[in-house]
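# Remarks on the overall topology
Residue-level listing of the chains:
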Amino acid sequence: MKITFIGTRGYIDAKSRRHRRHSSAIISYRSKRVMIDCGLDWRKKVWKVNPDSIVITHGHPDHAFGLKDGSPCPVYATEPSWEIMKRYPIPAPYRYLVKERKPFKLYGITFEAFSVLHSLIAPAVGYRISGGRVLIFYVPDLVYINERYKALKDVQIYIGDGATITNPIIRLSGPNRDVPIGHTPIRTQLTWCKKEKVPRAIFTHCGSKIVEGDERVLGAKIRAMAKERGVEVEIAYDGMELFLR
Ligand SMILES: [Zn+2]
Ligand SMILES: [Zn+2]
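Remember, it's a predicted structure, so these values are computed and weren't measured experimentally.

## Focus on the coordination of the zinc ion (ligand 2)
- His58 (NE2), His60 (ND1), His118 (NE2) and Asp141 (OD) make up the full set of protein donors to the zinc ion (ligand 2), lying at 2.1 to 2.5 Å.
- The site at the zinc ion (ligand 2) holds four donor atoms, and with the angles between them running 91 to 162°, its shape is irregular.
- Each donor residue of the zinc ion (ligand 2) belongs to the same chain, with the gaps between them written as H-x1-H-x57-H-x22-D.
- Between the zinc ion (ligand 2) and the zinc ion (ligand 1), a spacing of 3.5 Å is present, and a bridge between the two is formed by Asp141. Taken together, the positions of His60 in the loop between β4 (53–55) and α2 (61–64) and His118 in the loop between β8 (109–117) and β9 (124–131) put the pair 58 residues apart, joining distant regions of the chain.
- With a relative accessible area of 22%, His60 lands in the partly exposed category.

Here it is, written out as structure tokens:
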């Protein structure tokens, strides 16, 4: 399996050479390519990417609005994400419904959606993805994973939310102002990796601290936090390729 991080930028104004486009990854396996997320930066460009299928984590602009003009291939998304994309010119035979905790197979790659807390307007999932002996978890935006133990069990690489390094971007929402929404820091996600014995973490969906900052300095800081927890860490950049077997 190969993972190509074609975009690693979060929903921010800043962009850089390393983080130019909204976070998206291509999972290549047995000569097929599945694109995860298709945000605004991929509008029109998705036809050039030309994946075999697209899997969506949630309906926020930086994850789904690239499909506003339609899709070159089948799209897999949960009910609330389809609700947001209902008027998009994606033909019915290209619309596939993803159900939480119901694994589905695309070209030999298994995807299983786990609900994560992130937004009430655009409920999100993370995907447990396996092909051959490779097992990863991909979740670009989250406050927390509802069934974290099951989601991360035996996972080799956690690919997580790089919106913030140490300060939570979380506010309380909902009618009773008691539902946390937003983004959990990298530091907390590294602690989850330690707890669930995930040896390696990669962060995508980079926030302005990373995109506008000095990545050598920040990288060293993040590596130190990871080392304390016995986890290997990398910050993904646009075009980064990962060969797994
Ligand atoms: Zn996002
Ligand atoms: Zn989001």
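On we go.
## What to know about the nonpolar core
- Of all hydrophobic cores here, the largest spans 31 residues; its most connected members are Phe137, Ile145, Tyr158, Ile186 and Leu190.
- Listed by contribution, the elements that provide at least two residues to this core are β8, β10 (134–138), α4 (148–152), α5 (186–195), β15 (200–204), α6 (208–212), α7 (215–228) and β16 (232–235).
- Those residues in contact with Leu190 that sit more than four places away from it in its chain are Ala201, Phe203, Ile222, Met225, Ala226, Arg229, Val231 and Val233.
- Formed by 29 residues, the second largest nonpolar core is a distinct cluster that contains Met1, Tyr29, Tyr76 and Ile159.

## Details of the pattern of salt bridges
- Taken as a whole and judged by the stated rule, the model has 14 salt bridges.
- A salt bridge links Glu241 to Lys2, with the shortest nitrogen-to-oxygen separation between them at 2.9 Å. You can see Glu241 sitting in strand β17 (residues 240–243) and its partner Lys2 sitting in strand β1 (residues 2–7), a full 239 residues away along the chain.
- Given a relative accessible area of 41%, Glu241 falls into the partly exposed group.
- Two residues, Glu147 and Lys150, come together in a salt bridge whose shortest N-O distance is 3.7 Å.
- The class of Glu147 is partly exposed, set by a relative accessible area of 32%.
- Bridged by salt links that share partners, the residues Arg101, Glu112, Glu147 and Lys150 form one connected network.

Each value, and the rule that gives it
- Residues numbered from 1 in each chain as written.
- Chains lettered and ligands numbered in written order.
- Predicted model: local features only at pLDDT ≥ 70, side-chain atom pairs only at ≥ 80, totals over all residues.
- Heavy atoms only, no water.
- Donors = N, O, S within 2.8 Å, 3.2 Å for Na, K, Ca; no water.
- Tetrahedral: all angles 85-135°; square planar, octahedral: opposite > 155°, others 65-115°.
- Helix = DSSP H or I, 4+ residues; strand = E, 2+ residues; numbered from the N terminus.
- Buried < 20%, exposed > 50% of the residue type's maximum accessible area, 1.4 Å probe, protein only.
- Core = buried A, V, L, I, M, F, W, Y, C linked by side-chain atoms within 4.5 Å.
- Contact = heavy atoms within 4.5 Å.
- Salt bridge = Lys/Arg side-chain N within 4 Å of Asp/Glu carboxyl O.

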